[in-house]
Amino acid sequence: MSSLLEQLASFDREALEATQALRWGPLTALFVLATAWWVKGCVFASIGAIMDARARRWFPVTAIVALLVGMLADLTAVGLKETFDRTRPPEGEALIGLPGSASFPSGHATMSFALAAFLSALHPRLRVPLYALAAIIAISRAYLGVHYWLDVAAGAALGTAFGLATAWALRQTALRPAHQRAE
C-alpha cells in the first residue's frame, strides 16, 4: 500500500511541476480571481437566486439551499482535511498565500462542484456553464500552487457526489405527498 501512495505522491509532484511550467500572465489573473473566497459560494448562490426569480418564487429557496449545500460540502472537506492531514505544496511554488489548513481534499473544488452538481440537477440547461465555472475554480488551485492535482480531483468527486445526493434528497422530499412528509 505504501508503494502505491508513494507512486501517487510522485505523480502529483510531477503533475504540479508540469502545471507550473505552463503559467501565463492572463491565465494567472483569471485563476487568482476564480480562487477568491467569494467566487466559490456567492456566485453559485446568486445563480440560484436568479433561478428563483425566473421561477417567480418570492422566497429564494434555491439560493438558500445552495448556500447550505456549499457550507455543508465545505465542512465535509474541512473534516477530511483534518483526517488526512496532507501537507500542501512547497510555499515557494505558490502564486498566492498558502492556506494554513491541510491540502486533501481541496475545499474550493469540493464546494464548487457540490454547488454545480446541485444546481445543474435542478436546472439541466445550465449544466455546462455551472460545471465549467466549478472546473475553473478547481483548476485554479493546482495552477496557483496551493493544492496538488489529486487534492483537486478528490474534491471534485466528493463535491459532485454531495451535490447530486442533496438534489436527489430534495426531489424525493418534494415529490412525496404532504401527508407522508409530515410523518
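Here, every reference points to the structure presented above.
A quick note: this is a predicted structure, and the numbers were derived from the prediction, not measured. (Residues numbered from 1 in each chain as written. Predicted model: local features only at pLDDT ≥ 70, side-chain atom pairs only at ≥ 80, totals over all residues. Heavy atoms only, no water.)

Q: Help me out: how do you make sense of unusual backbone geometry in this one?
A: Negative phi characterises most residues that are not glycine, and trans characterises most peptide bonds. At the junction of Phe104 and Pro105, the peptide bond is cis and its omega measures out at -5 degrees in the coordinates. Tracing the backbone shows Pro105 in the loop between α4 (61-84) and α5 (107-122). Positive phi values are uncommon outside glycine, yet Asp85 reaches one of about 50 degrees. Relative to the helices and strands, Asp85 resides in the loop between α4 and α5. Take Asp85: its relative accessible area is 57%, and that puts it in the exposed class. (Helix = DSSP H or I, 4+ residues; strand = E, 2+ residues; numbered from the N terminus. Buried < 20%, exposed > 50% of the residue type's maximum accessible area, 1.4 Å probe, protein only.)

Q: Would you explain the pattern of salt bridges in this entry?
A: Pairing between side chains of opposite charge can happen when the charged atoms of each approach one another. With the rule as written, the count across this model stands at two salt bridges. The shortest N-O distance in the salt bridge between Arg86 and Asp12 comes to 2.8 Å. Note that Arg86 is positioned in the loop between α4 and α5 and Asp12 in helix α1 (residues 2-21), a separation of 74 residues in sequence. Residue Asp151 is joined to Arg86 by a salt bridge in which the shortest nitrogen-to-oxygen separation is 2.8 Å. Linking Asp151 in helix α7 (residues 149-175) with Arg86 in the loop between α4 and α5, this pair joins segments that are 65 residues apart in sequence. A relative accessible area of 0% means that Asp151 is categorised as buried. Here the residues in one salt-bridge network are Asp12, Arg86 and Asp151, joined through shared partners. (Salt bridge = Lys/Arg side-chain N within 4 Å of Asp/Glu carboxyl O.)

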